[in-house]
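Per-entry structural report
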Amino acid sequence: MNCAEFQKFLPELIDSDRSAEQESHLKSCPECSGLVADLNLISREAQQLQEFAEPSPRVWNSIEIVLRREGLIREPHLGPALVPPVRRSWTLAWLAPVAALALLAVGVLVYQREVHEQNVAQQPASSPVAHLSVPPGKTVNEDQQLLEAVGSRSPAMQAQYASDLQNVNAYIHDAEQSAQADPNDEEAQQIVMDAYEQRATVYEMALDRSLP
Amino acid sequence: MTDARKLQGDKLSEAEAIERAKQGDAEAFEFLFGLHKRRVYSLCLRMTANTAEAEDLTQEAFLQLFRKIATFRGESAFSTWLHRMAVNVVLMQLRKKSLPVVPLEETLESEDEAPKKELGAPDPVLSGSIDRLRLQRAVDALPPGYRRIFVLHDVEGFEHNEIATMVGCSIGNSKSQLHKARMKLREALKTSRAEKATKP
């Protein structure tokens, strides 16, 4: 057996035994034995590549947003139930007025927040309150309008989307701070873009739900 | 991730986290993600050689897993279940991008790209160890088809019959592409060593 014949069968020799003739050639041929040793070394060393890299924090943030939106994450009970669980008919009976009260409360909160925002706008630009929870260029009104649109069609999901918006706005805020710290960091800039995309996704999902 | 770190500090077991995740516990989900994120992300990164795409696929793999976690009964290891799901997610994405599985008779793209057979003169042997960074760069530079088979077999540990089923090729094709991948890596690593040796 010569080198060409031996190396022709190398792909088939992966994970399988060699014949006596092949073993004999391997023992007598430095070139083929060197080749086989190199290929085995590469295969062994490849295993150290298994857990080398770590994803950015945005991956978990995105996963959590989706899990909450799909209801796979459920907030825990704070303690034993203080009242017995109500029957389904009861739930449906008082849901409408409770939803109306919730919307009224949200409206009051929005009005109070608008007044606060106007006061904050008159403060110096360095005030941390001005940019705390809403991305630049966006206003509380836009988020509130979205939540009202969701609430008018699906009151049960309004709190969910409020939570989603809060999370994504905080993510945008953190991402922009990171990008501003180093304007040359392309990855940080990409993370900011991704964060805005996530916000757009939340809007898209919310509007889909709010449409008839 | 302070809550997840608290869980880790309390030595929550993976089995406990799975049961709590089935109940919708956010901390449990985050704990499971933290436990397996590097393995899944590394797999996606090795297969795509693109960080943004790898992160998207990592996200998708975990979402598919978490959506189905209620059905996990513990017949196999959780990590195995997640691992296979991640591989399927990556392969589906690669199929969408129309990455072809090259038939056995067409595995030689061209003389320039095929690993050269050096017969006659003895080849220098690689040293007893390979720098992980150099190996990673060499893997990233592989043609996509070779890289996929190499990652599945040598990095992730799948057998050829499993790869053939997942990828949709024959066992012979899988072995052939793996061999060519290793030959290309050998060439690349020898070239890299030679360049390093000539630098002052």
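Just so we're clear, the structure is a prediction, and the values are computed from it rather than from any experiment. (Residues numbered from 1 in each chain as written. Chains lettered and ligands numbered in written order. Predicted model: local features only at pLDDT ≥ 70, side-chain atom pairs only at ≥ 80, totals over all residues.)

1. With respect to the interface of chain A and chain B
Contacts between the two partners involve 40 residues from chain A and, on the opposite side, 41 residues from chain B. Elements with a minimum of two residues in the side of chain A that touches chain B: helix H1 (3-8), helix H2 (10-13), helix H4 (30-45) and helix H5 (57-69) of chain A. Along the lines of polarity and charge, the residues of the side of chain A that touches chain B split into 24 nonpolar, eight polar and eight charged. (Contact = placed C-beta atoms within 7 Å. Helix = DSSP H or I, 4+ residues; strand = E, 2+ residues; numbered from the N terminus. Nonpolar A, V, L, I, M, F, W, Y, C, P; charged D, E, K, R; others polar.)

2. Quick word on helix H7 (residues 144-155) of chain B
All names here are of chain B. When you tally the buried positions in H7, you get 11 out of 12 residues, the bulk of the element. Listed as buried for H7 are Gly145, Tyr146, Arg147, Arg148, Ile149, Phe150, Val151, Leu152, His153, Asp154 and Val155. The positive-phi residue at the C-terminal boundary of H7 is Gly157, with phi of around 85°. (Buried ≥ 20, exposed ≤ 12 C-beta atoms within 10 Å, placed from the backbone.)

3. Structural notes on the nonpolar core
Formed by 63 residues in total, the largest nonpolar core has its most connected members in Phe29, Val40, Cys44, Ala86, Val90 and Phe150 of chain B. Sequence-distant contacts of Phe29 of chain B, defined by excluding residues within four places in its chain, comprise Leu67 and Ile73 of chain A together with Ala21 and Phe66 of chain B. (Core = buried A, V, L, I, M, F, W, Y, C linked by C-beta atoms within 7 Å.)

4. A closer look at the environment of Met85 of chain B
All names here are of chain B. Among the structural elements, Met85 can be located in helix H5 (residues 78-96). The exposure class assigned to Met85 is partly exposed, which follows from the 17 C-beta atoms found within 10 Å. Each C-alpha atom of the pair Met85 and Ala61 lies 6.3 Å from the other, and the pair is 24 residues apart in sequence. With residues up to four places along the chain from it excluded, the contact list for Met85 reads Ala61, Gln64 and Leu65.

5. Thoughts on the packing of helix H2 (residues 14-22) of chain B against helix H3 (residues 26-48) of chain B
Residue and element names in this part refer to chain B. Put simply, H2 and H3 touch, their axes get as near as 8 Å, and they point 135° apart. One finds that H2 runs oblique with respect to H3. Of the two elements, H2 crosses H3, and the hand of that crossing is left-handed. Contacts between H2 and H3 involve Glu14, Ala17, Ile18, Arg20 and Ala21 from the former and Ala28, Phe29, Phe31, Leu32 and Leu35 from the latter. Considering only residue class, the contact of H2 with H3 consists of eight nonpolar, no polar and two charged. (Axes fitted to C-alpha atoms, helices over the stretch in contact; angles between N-to-C directions. Parallel < 35°, antiparallel > 145°, perpendicular 65-115°, else oblique. Left-handed = near helix turned anticlockwise from the far one by under 90°.)

6. Here's the deal with the confidence of the model for chain B
Residues and elements named next belong to chain B. On average, residues of chain B carry a pLDDT of 79, and 74% of them reach 70 or more. Confidence drops under pLDDT 50 across residues 101-122; counting only partners more than four residues distant or on other chains, this segment forms 26 contacts. Interface predicted TM-score (ipTM) for the complex: 0.73; the corresponding pTM is 0.54. (pLDDT = per-residue confidence, 0-100.)

7. Re unusual backbone geometry
Residue and element names in this part refer to chain B. Non-glycine residue Ala49 carries a positive phi angle of around 55°. Mapping Ala49 onto the fold places it in the loop between H3 and helix H4 (51-67). You can call Ala49 partly exposed: it has 17 C-beta atoms within 10 Å.

8. Brief notes about the confidence of the model for chain A
Close reading of the predicted structure is inappropriate where its pLDDT is low. Residue and element names in this part refer to chain A. Per-residue confidence for chain A gives a mean pLDDT of 70, with 50% of residues at or over 70. The low-confidence segment residues 79-92, where pLDDT is below 50, has one contact with residues more than four positions distant or belonging to other chains. Contacts from residues 125-132, a stretch scored under 50 in pLDDT, to residues over four places away or in other chains number six contacts.

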